[in-house]
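Structural features, examined
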Amino acid sequence: MNIKRTYGTNMPKTIYLDNAATTAVKREVFDAMAPYFTEQYGNPSSIHEFGARCGVACDEARAKVAKVIGANPQEIYFTSGGTESDNWAIKSTAYAKKEKGRHIITTRIEHHAVMETCEFLKRDGFDVTFLDVDDQGLVDPAKLEAAIRPDTILISVIYANNEIGTVQPIAEIGRIARARGVLFHTDAVQAFGHVPIDVDAENIDLLSASGHKIHGPKGIGFLYMRKGVKLPPLMHGGHHERGRRAGTLNVPGIVGLGKAAEIAGAEMAANAERVTALRDRLIKGMLSEIPHSRLNGHPTKRLPGNANLSFRFVEGESLLMMVDEKGVSASTGSACASGSLDPSHVLLAIGLPHEIAHGSLRFSLSEDNTEEEIDYAVEAVREVVERLRSMSPLYEDAVKAGGA
Ligand SMILES: *Cc1c(COP(=O)(O)O)cnc(C)c1O
């Protein structure tokens with residue numbers, strides 16, 4: 001196997017399998033954005049024609065984004081990304097409804113942007129129920145319904161998990177929330193543009209999404225807020241975004257998000273089919289080539305591009321660094337949690353023991369990956385796992401004991 005492949009310079013070619021952390025901006029997206037940095041630099045809030053033209057571009061982007069989730073453009077509010085949208089949805093619901101109640105229901109497998117926001121509210125006197133999930137990462141809608149109390153003001157459930165890829169029964173959860181009169185928020189950052197979403201059919205009141213997970217730019221996202229759900233702003237200031245989110249609009253970012261959403265929506269079915277096939281090739285390859293490996297998350301109810309695997313008797317960080325040397329970019333879970341030595345809260349929530357959770361890698365694919373890259377990655381991981389195990393006293397002991 002050709003270990004260091006080059007572009008003709010001495011830069012090693014990267015096999016990028018970390019698309020859940022961020023994606024490459026598409027050429028068409030970049031080209032759509034470019035004029036809004038240079039010639040079209042007006043402020044959409046200006047009265048003059050030069051600024052207003054940029055406002056028109058933002059409204060076109062708003063319509064493109066809305067179309068992907070079956071929303072009305074007036075229900076889309078641009079933000080700086082998924083994190084801000086999550087903070088806005090949760091904090092503003094909490095503070096607007098605290099007279100009605102102070103109870104929030106969420107899950108143990110949320111992204112940090114939701115989890116830490118809920119922890120913050122807990123310190124501020126709110127009561128938060130973190131629902132358990134099963135060993136494949138699924139929330140049980142019956143348990144969720146049983147957790148609803150008269151003082152419950154919000155249910156927030158991640159649409160598709162960023163680490164293990166499990167896609168939740170969102171329509172069922174939405175139906176329960178609506179029937180019980182509780183607002184329903186979903187962090188759909190990993191799902192938006194990748195799996196079909198219909199905010200009406202699924203009874204979603206609030207939805208967070210982000211540009212850079214769909215081949216759009218970083219630093220731009222949106223919050224969908226159902227008509228009639230009038231949350232107060234998180235960002236106070238000028239009267240941008242119909243008085244709900246202050247700050248001069250990020251025009252190039254918004255135009256880029258709109259273009260990326262348009263492409264993702266149009267190509268969703270074809271991409272999902274292609275990426276699912278690549279994902280299954282990777283999973284099948286690793287499980288058959290590497291002994292003592294397991295797939296984390298649900299076998300079928302998972303994001304097209306997500307494969308999360310555990311390799312017993314190896315340490316994930318070493319594995320990650322050594323496959324990186326072979327040109328494969330993967331992740332040990334959430335990019336936002338790297339630097340911390342604690343095992344992933346998501347892997348612990350699905351019941352993995354600490355030592356197995358520590359030996360896990362996430363591969364997140366995009367339509368830009370090829371079969372050749374997947375086969376290369378399987379071989380790279382196989383080689384590294386074998387090497388690490390050959391140096392591991394744990395593995396030797398396990399072999400002697402007949403456990404391996
Ligand atoms: C990436 C991500 C976020 C954060 O979005 P940003 O735009 O990077 O702030 C939130 N939730 C999930 C599930 C994500 O994957």
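Definitions and cut-offs
Residues numbered from 1 in each chain as written. Predicted model: local features only at pLDDT ≥ 70, side-chain atom pairs only at ≥ 80, totals over all residues. Heavy atoms only, no water. Axes fitted to C-alpha atoms, helices over the stretch in contact; angles between N-to-C directions. Helix = DSSP H or I, 4+ residues; strand = E, 2+ residues; numbered from the N terminus. Parallel < 35°, antiparallel > 145°, perpendicular 65-115°, else oblique. Left-handed = near helix turned anticlockwise from the far one by under 90°. Contact = heavy atoms within 4.5 Å. Nonpolar A, V, L, I, M, F, W, Y, C, P; charged D, E, K, R; others polar. Buried < 20%, exposed > 50% of the residue type's maximum accessible area, 1.4 Å probe, protein only. Pairing = 2+ DSSP bridges. pLDDT = per-residue confidence, 0-100. Polar contact = N/O pair within 3.5 Å; in protein donor to acceptor, adjacent residues only side chain to side chain.

On to the packing of helix H8 (residues 251-289) against helix H12 (residues 371-390), then. Between H8 and H12, the least distance of the axes is 9 Å, while the angle of their chain directions is 25°. As far as their axial angle goes, H12 and H8 are roughly parallel. Along this stretch, H8 crosses H12, giving a crossing that reads as right-handed. Taking contact as the criterion, the partners of Leu278, Arg281, Leu282, Gly285, Met286 and Glu289 in H8 are, on H12, Glu371, Ile374, Asp375, Ala377, Val378, Val381 and Arg382. Looking at the contact of H8 with H12 residue by residue, the classes come out as seven nonpolar, one polar and five charged.

We now examine unusual backbone geometry. Unusually for a residue other than glycine, asparagine 203 sits at a positive phi of about 50°. Backbone geometry at histidine 215 places phi at a positive 65°, although glycine is not the residue there. Its place among the elements puts histidine 215 in the loop between strand S7 (206-210) and strand S8 (221-225). Overall, the relative accessible area of 5% leaves histidine 215 in the buried class.

Within strand S10 (residues 306-311), six of the six residues are buried, leaving the element largely enclosed by the surrounding structure. Sheet topology note: the strand S9 (residues 293-296)/S10 ladder contains four bridges and is antiparallel. Bridge pairing in S10 links arginine 294 to serine 310.

The subject of this paragraph is the confidence of the model for the chain. Per-residue pLDDT for the chain averages 94, and the proportion of residues at 70 or more is 94%. Here helix H13 (residues 393-400) is the element of the chain with the lowest mean pLDDT, 81, and S7 is the one with the highest, 99.

Next up on the list: the environment of arginine 242. Here arginine 242 lies in helix H7 (residues 240-243). Measuring from C-alpha to C-alpha, the distance between arginine 242 and threonine 23 comes to 30 Å, with 219 residues separating the pair along the chain. When neighbours within four sequence positions are excluded, arginine 242 is seen to be in contact with Arg62, Pro73, Gln74, Glu75, Ile76 and Tyr77. Within polar-contact distance, the side chain of arginine 242 engages the backbone oxygen of glutamine 74 at 2.9 Å. Here isoleucine 76 takes part through its backbone oxygen, which lies 3.0 Å from a polar atom of the side chain of arginine 242.

If you trace the seven strands from one edge of the open sheet to the other, you get S2-S8-S7-S6-S5-S3-S4, paired in mixed fashion. At either margin of the open sheet sits one strand with a lone partner, and together these are strand S2 (76-79) and strand S4 (127-131). Strand after strand, the sheet turns through a mean of 20° between neighbouring axes, direction not considered. Note that strand S3 (residues 103-107) and S4 share five bridges and pair parallel. By the bridge assignment, threonine 107 is partnered in S4 with leucine 131. Packed onto the sheet, helix H3 (residues 82-97) meets S2, S3, strand S5 (152-156), strand S6 (183-187), S7 and S8 and runs at close to 160° relative to S7.

This next bit is on the sheet that holds S10. Ordered in space as S9-S10-S12, the three strands form an open sheet in which the pairing is antiparallel. The sheet is open, and its two edges are formed by S9 and strand S12 (360-364), each paired on a single side. Put simply, the sheet's adjacent strands are angled 30° from each other on average, direction ignored.

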